[in-house]
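Observations on chain architecture
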Amino acid sequence: MSSSHDSALDAILADDGRPVLFTRARILTMDPLIGTMSGADLLVLGAVVVGVGPGIVTAAGDDNAIVVDCAGLIIAPAVVDTVALAGGRAHRSEHVATLAPGNAADFLVVPDELAADVPSATAVLLTRPERVRALVAGGRPVLWDGVDVPGRGSVPGADVPGRAGVPGAGVPEVGVPEVGGPVGSPRLGVWVDRSGFLHQELTADGRYDETRGGRPHAYQGRYWIDGDRIDYLDDLGFWAYGEFRGDELHHAGYVMKLG
């Protein structure tokens, strides 16, 4: 990137709605129609790729875009479709996570000499994160010049003394989190499916208890709510999930409402 990349990062983090243009890169789109392009531009607006290819930079002034010079760098998808890499996708519409317009802006920027293709670009992130020039997720920088981006969120490890700015210091820890009961949540209570077969109680201590067909305690375990998603870890050891949609809870084919 050019010497102005720090100011570009500041502008991106300001989040004022300006498009961001990564320019003069070799772009590995993983899209079977678009393919790989050299000296090309990737235009991002919000969380989405809105343009890819040479010449987009000519409109940078008109669009008031934030320009990030990527000469000597490659841009590759950060989410890798390994099935497509192995030739297992029959149609373009089946490909996922490509850097085609309309798709999520999840991508890596790494030095050209370190990555000839998508697998080697991914390897740089996993084995030499300090060499990653940018890691962008949903249009937001996560790594910049091999360092965690400030303000990327409060995650385990980020506030450990001596770890600030260390690549990967903000990577969430693996493992089952402690249950923090959603005290006062309007989603607490007994959810009942349309037929009355399933009753699922969500309690304030982060536990669930299911009655099925009049059989009490058919399944019990812990749960976590994140936005409209609920994850279950049953005491038997299996994981399941559900989704809140308005006043309904959808889980494993059942549609429930608070009883």
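This one's a predicted model, so the numbers in the text were calculated from it and none came from an experiment. (Residues numbered from 1 in each chain as written. Predicted model: local features only at pLDDT ≥ 70, side-chain atom pairs only at ≥ 80, totals over all residues. Heavy atoms only, no water.)

Glancing now at a nonpolar patch on the surface. A surface patch of nonpolar side chains, about 210 Å² in accessible area, is lined by L45, V48 and V50. Its place among the elements puts V50 in strand 3 (residues 48-53). In this structure V50 comes out as partly exposed when scored by relative accessible area, which is 40%. (Patch = residues over 30% accessible without salt bridge, like charges linked within 9 Å, V, L, I, M, F, W, Y side chains within 5 Å. Areas by Shrake-Rupley, 256 points an atom, 1.4 Å probe, with all protein chains shown as cover. Salt bridge = Lys/Arg side-chain N within 4 Å of Asp/Glu carboxyl O. Helix = DSSP H or I, 4+ residues; strand = E, 2+ residues; numbered from the N terminus. Buried < 20%, exposed > 50% of the residue type's maximum accessible area, 1.4 Å probe, protein only.)

Let us look at the sheet that holds strand 16 (residues 248-251). Strand order in the closed barrel formed by eight strands is 10-11-12-13-14-15-16-17, with antiparallel pairing between adjacent strands. Averaged over neighbouring strand pairs, the angle between their axes works out to 30 degrees when direction is ignored. Bridging between strand 15 (residues 239-245) and strand 16 involves four bridges; their strand directions are antiparallel. Paired with E243 across the strands is H250, a residue of strand 16. (Pairing = 2+ DSSP bridges. Axes fitted to C-alpha atoms, helices over the stretch in contact; angles between N-to-C directions.)

Estimates place the volume of the largest pocket at around 160 Å³. Around the largest pocket, the lining is made up of 14 residues, and of these D15, R18, V20, G46 and R140 lie nearest the centre. Taken together, the elements giving at least two residues each to the lining of the largest pocket come down to helix 1 (5-14) and strand 2 (36-45). Along the lines of polarity and charge, the residues of the lining of the largest pocket split into six nonpolar, four polar and four charged. (1 Å grid on protein atoms, 1.4 Å probe; cavity = no way out; pocket = protein on both sides within 12 Å on 5 of 7 lines; lining within 4 Å. Points joined across faces, edges and corners; volume = space filled by probe spheres on them. Nonpolar A, V, L, I, M, F, W, Y, C, P; charged D, E, K, R; others polar.)

Nothing here speaks to function; it is geometry throughout.
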